[in-house]
Amino acid sequence: MKQVLKFRILDPRLGSDFPLPHYASEGAAGMDMRACLQAPLTLEPGQAELIPTGLAIHLEDPGLAAMLLPRSGLGHRGLVLGNLVGLIDSDYQGEVKISAWNRGHEPITIEPGERIAQMVIVPVVQVTLQQVETFETSARAGGGFGSTGTR
């Protein structure tokens, strides 16, 4: 059974000129998010801009969050998220915006309506902190970066 995600259209081109976010295949984990730009936007190497999606969402359930992730092919070519992963809390109701960053060496042009990121809905577990004096020692214990080897 699929969950329902409430949304509002903030840009009238969304749903008419530009398709609404949707899963591109039956097994897709993320919905493609589009750039609701008025004109093409060229990002120079190292430049980041906040891109509107024309969409507001409200998850409502504190057991859910939305994550914005780069699209694989675009990320490989240099267009990633400026904040690496966007996190949208269940109580946020404003426009979803994408921090697009050109980490490549060549300019990248984003066209109006272009798919530039994907949104994945994930479960969230909120915890209560409990202070303790010691932990029961695990096999790894305090071993940090590289402590488990390379293979």
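Predicted model, so just to flag it, every value in this text is computed and none were measured.

Reading the values: the criteria
Residues numbered from 1 in each chain as written. Predicted model: local features only at pLDDT ≥ 70, side-chain atom pairs only at ≥ 80, totals over all residues. Heavy atoms only, no water. Helix = DSSP H or I, 4+ residues; strand = E, 2+ residues; numbered from the N terminus. Rg over C-alpha atoms; globule rule 2.2 N^0.38 Å. Buried < 20%, exposed > 50% of the residue type's maximum accessible area, 1.4 Å probe, protein only. Contact = heavy atoms within 4.5 Å. Areas by Shrake-Rupley, 256 points an atom, 1.4 Å probe, with all protein chains shown as cover. Lys, Arg positive; Asp, Glu negative; His and termini not counted. Charge placed at Lys NZ, Arg CZ, Asp CG, Glu CD. pLDDT = per-residue confidence, 0-100. 1 Å grid on protein atoms, 1.4 Å probe; cavity = no way out; pocket = protein on both sides within 12 Å on 5 of 7 lines; lining within 4 Å. Points joined across faces, edges and corners; volume = space filled by probe spheres on them. Nonpolar A, V, L, I, M, F, W, Y, C, P; charged D, E, K, R; others polar. Pairing = 2+ DSSP bridges.

Colleague: Looking at this structure, how should I read the overall build of the chain?
Modeller: Check the secondary structure of the chain and you find 1 helix and 10 strands. The N-to-C order of helical and strand elements in the chain reads β-β-β-β-β-α-β-β-β-β-β. Relative to its length of 151 residues, the chain is extended, with a C-alpha radius of gyration of 19 Å against a globular reference of 15 Å. The principal-axis extent of the C-alpha atoms belonging to the chain is close to 60 × 40 × 30 Å. Counting across all 151 residues of the chain, residues that qualify as buried make up 32%. The contacts in the chain between residues at least 6 apart in sequence include a share of 71% that link residues at least 24 apart. Split by element, the accessible area of the chain, about 10200 Å² in all, is 54% carbon and sulfur. Averaging the locations of the 12 positively and 16 negatively charged side chains of the chain gives two centres separated by 6 Å.

Colleague: Before we go on, may I ask you to explain the confidence of the model for the chain in this structure?
Modeller: Low pLDDT marks stretches whose predicted atomic positions should not be read closely. Mean pLDDT over the chain: 92, with 95% of residues reaching 70 or higher. Mean pLDDT per element in the chain: helix H1 (residues 72–77) is the minimum at 85, and strand E3 (residues 41–43) is the maximum at 98.

Colleague: It is not clear to me how the layout of surface pockets should be interpreted in this structure. Could you clarify?
Modeller: Once rolled over the atoms, a probe with the size of a water molecule shows which space is left empty. If you add up the space inside the largest pocket, you get close to 590 Å³. Around the largest pocket sit 26 residues that line it, and Gln-3, Leu-5, Tyr-23, Met-31 and Ile-121 are the ones nearest its centre. Listing elements by their share of the lining of the largest pocket, those giving two or more residues are strand E1 (6–9), strand E4 (48–58) and strand E10 (115–123). Ranked by the residues each element gives to the lining of the largest pocket, the list is headed by E10, at 5 residues. Looking at the lining of the largest pocket, its residues break down into 18 nonpolar, 3 polar and 5 charged.

Colleague: Which parts of the structure should I look at to understand the pairing of strand E8 (residues 95–102)?
Modeller: Regular strands show a simple pattern: their side chains alternate between the two faces of the sheet. Sheet topology note: the E4/E8 ladder contains 6 bridges and is antiparallel. In the sheet register, Leu-50 faces E8, and the bridge partner there is Ser-99.

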